[in-house]
Amino acid sequence: MARPQTDIEAGRTALLEMVDELIRKRGSVDISMTDLAAASGMSPSNLYRFFDNKEALLEAVAERFFAEKIRIMVEVTESDLPVRDKMYQYFARRYLASVEQYEAEPELLKSYLEIGQQHFEVVRGYVDLGDHYLAIIVAEAMEQGYFEGLSIDEAVSLINQMLHCYTNPDMLFYIGTTKLSVTKLAMIVDAVFQGLGKKMATQSAPGSHMKIVS
């Protein structure tokens, strides 16, 4: 008889919480299915009822880690906010979510980020998803005359580079929260719209007047 779906979801949630506990104790050391089964007091064969393999476990860990930020991205892009406010909320709310993780358990966050680097093939899809939602906002801005002379991909790339400190949680460990703030973020978003905005079509190509000097 098949296990009820609600039981499977509850079991997966409990196992993912156990992953948290193992990472708190061991850091970013690779966790095997055998390790997780032993820590959870179940046999490896029982564990495979919840996760088909190690890759499925890693995907579930990543999905749980990014769940709040995905919720924010969907909510913001589907909102009726003015496009400039929408872009600010898109970055600010995700940044504040990272700050909350950082201030609650910095070592746990650091370990998860290290695991993400070790298994970037699992994380890549979520990075691409962030670009997808940003592209939706950029496309809306373009309909209003912003970012003239740029393709959507070019605008997304430039904006990501300018807002990198607010989108990469690793930066919290290098810069901290005292030098980063949502007030500064708002000023940067304003600069993005002003610098890459409606007047761009009448200006020379970006950087065309700049030269490297020795």
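Notes on the structure follow. Every chain is numbered on its own, with residues counted from 1 as its sequence reads. Given that the model is predicted, a residue must reach a pLDDT of at least 70 before its local features are reported, and side-chain atom pairs must reach 80 or more before they are shown or counted; all residues, however, enter totals for whole chains, interfaces and linings. To obtain the side-chain values, all non-hydrogen atoms of the structure were included, while hydrogens and water were left out.

**Some details on the nonpolar core**
And then number 1: Residues belong to a common nonpolar core when they are buried Ala, Val, Leu, Ile, Met, Phe, Trp, Tyr or Cys residues joined through side-chain atoms within 4.5 Å. Relative accessibility decides the category of a residue: with a 1.4 Å probe and only protein chains considered, values under 20% of the type maximum give buried, values over 50% give exposed, and everything between is partly exposed. Counting 32 residues, the largest nonpolar core has Met87, Phe147 and Ile159 as the members making the most contacts within it.
And then number 2: Mapped onto this core, the elements with two or more residues apiece are α4 (54-77), α5 (83-104), α7 (120-143), α8 (152-162) and α11 (182-195).
And then number 3: Contacts between residues were defined by any pair of non-hydrogen atoms, one from each residue, lying within 4.5 Å. Excluding residues within four positions of it along the chain, isoleucine 159 makes contact with Met87, Phe91, Leu134, Val138, Phe147 and Val192.
And then number 4: Counting 27 residues, the second-largest nonpolar core is a separate cluster that includes Phe65, Leu113, Val122 and Val123. Put simply, DSSP H or I for four residues or longer makes a helix, DSSP E for two residues or longer makes a strand, and each gets a number counted from the N terminus.

**Let's talk about the packing of α7 against α8**
And then number 1: Axis geometry follows a simple rule: fit a line to the C-alpha atoms, using only the stretch in contact for helices, then measure angles between N-to-C directions, giving values from 0 to 180 degrees. It is at 9 Å that the axes of α7 and α8 come closest, and there the two elements cross at 115 degrees. Classified by the interaxial angle, the pair formed by α7 and α8 is roughly perpendicular. When you trace α7 past α8, the crossing you get is right-handed. On α8, the residues that touch Asp131, Leu134, Ala135, Val138, Ala139 and Met142 of α7 are Ile152, Ala155, Val156, Ile159 and Asn160.
And then number 2: Each residue gets one of three labels, nonpolar for Ala, Val, Leu, Ile, Met, Phe, Trp, Tyr, Cys and Pro, charged for Asp, Glu, Lys and Arg, and polar for the others, Gly among them. Of the residues that constitute the contact of α7 with α8, the class distribution is nine nonpolar, one polar and one charged. The labels follow the angle: roughly parallel below 35 degrees, roughly antiparallel above 145, roughly perpendicular from 65 to 115, and oblique for the rest. Should the near helix be turned counterclockwise from the far one by less than a right angle, the crossing is left-handed, whereas a clockwise turn marks it as right-handed.

**Some points on unusual backbone geometry**
And then number 1: Despite not being glycine, phenylalanine 147 has its phi angle at roughly 60 degrees, a positive value.
And then number 2: Here phenylalanine 147 lies in the loop between α7 and α8.

**Looking at α5**
And then number 1: The first and last C-alpha atoms of α5 sit 32 Å apart over 22 residues, in line with the 32 Å expected at 1.5 Å per residue.
And then number 2: Of the positions making up α5, those classed as buried are Val83, Lys86, Met87, Tyr90, Phe91, Ala92, Arg94, Tyr95, Ala97, Ser98 and Val99. Expected span of a helix, by definition, is 1.5 Å for each gap between consecutive residues, and there is one gap fewer than residues.

**Focus: the side chain of aspartate 20**
And then number 1: Mapped onto the fold, aspartate 20 is located in helix α1 (residues 5-26).
And then number 2: Accessibility expressed as a relative area gives 10% for aspartate 20, which makes it buried.
And then number 3: Residues in contact with aspartate 20, not counting those within four places in the same chain, are Arg64, Leu108 and Tyr112.

**A look at the packing of aromatic side chains**
And then number 1: Classification of ring pairs uses Phe, Tyr and Trp, with its six-membered ring standing for Trp, and accepts pairs whose centres are within 6.5 Å; under 30 degrees between planes counts as stacked, over 60 as edge-to-face, and the remaining range as tilted. Per the stated rule, a full pass over the model turns up nine aromatic pairs.
And then number 2: Taken together, a centroid distance of 5.1 Å and an interplanar angle of 80 degrees make the contact between phenylalanine 65 and phenylalanine 66 edge-to-face.
And then number 3: When its relative accessible area of 18% is taken as the criterion, phenylalanine 65 is described as buried.
And then number 4: An angle of 90 degrees between the planes, with centres 4.9 Å apart, marks the rings of tyrosine 146 and phenylalanine 193 as edge-to-face. With tyrosine 146 in the loop between α7 and α8 and phenylalanine 193 in helix α11, the pair connects residues that are 47 residues apart, well separated along the chain.
And then number 5: Ring pairing ties together the aromatic residues Phe65, Phe66, Tyr112 and Tyr126, which thus form one cluster.
And then number 6: Think of it as a cone above the ring: NZ of Lys or CZ of Arg counts as a charge over the ring if it is within 6 Å of the ring centre and within 35 degrees of the ring normal. Between arginine 94 and the ring centre of tyrosine 90, over which it is positioned, the NZ or CZ distance is 4.1 Å.

**Here we look at the side chain of arginine 94**
And then number 1: Mapped onto the secondary structure, arginine 94 falls in helix α5.
And then number 2: When charges are counted, neither His nor the chain ends are considered; positive counts come from Lys and Arg and negative counts from Asp and Glu. Salt bridges are counted wherever a side-chain nitrogen of Lys or Arg sits within 4 Å of a carboxyl oxygen of Asp or Glu. No salt bridge is formed by the buried arginine 94, whose closest oppositely charged neighbour, aspartate 131, lies at an N-O distance of 7.5 Å.
And then number 3: Side-chain atoms alone can form a polar contact between residues adjacent in sequence; in general such a contact is a pair of N or O atoms within 3.5 Å, and within protein one must be able to donate a hydrogen while the other accepts it. Polar contacts involving the side chain of arginine 94 include one to the main-chain carbonyl oxygen of tyrosine 90, which spans 3.0 Å.
And then number 4: Residues within four places of arginine 94 in sequence aside, it is in contact with Lys69, Ile72, Met73, Gln89 and Thr167.

**A short note on the pattern of salt bridges**
And then number 1: Inspection of the entire model under this criterion finds eleven salt bridges.
And then number 2: The network of salt bridges with common partners includes Glu68, Arg71, Glu75 and Arg93.

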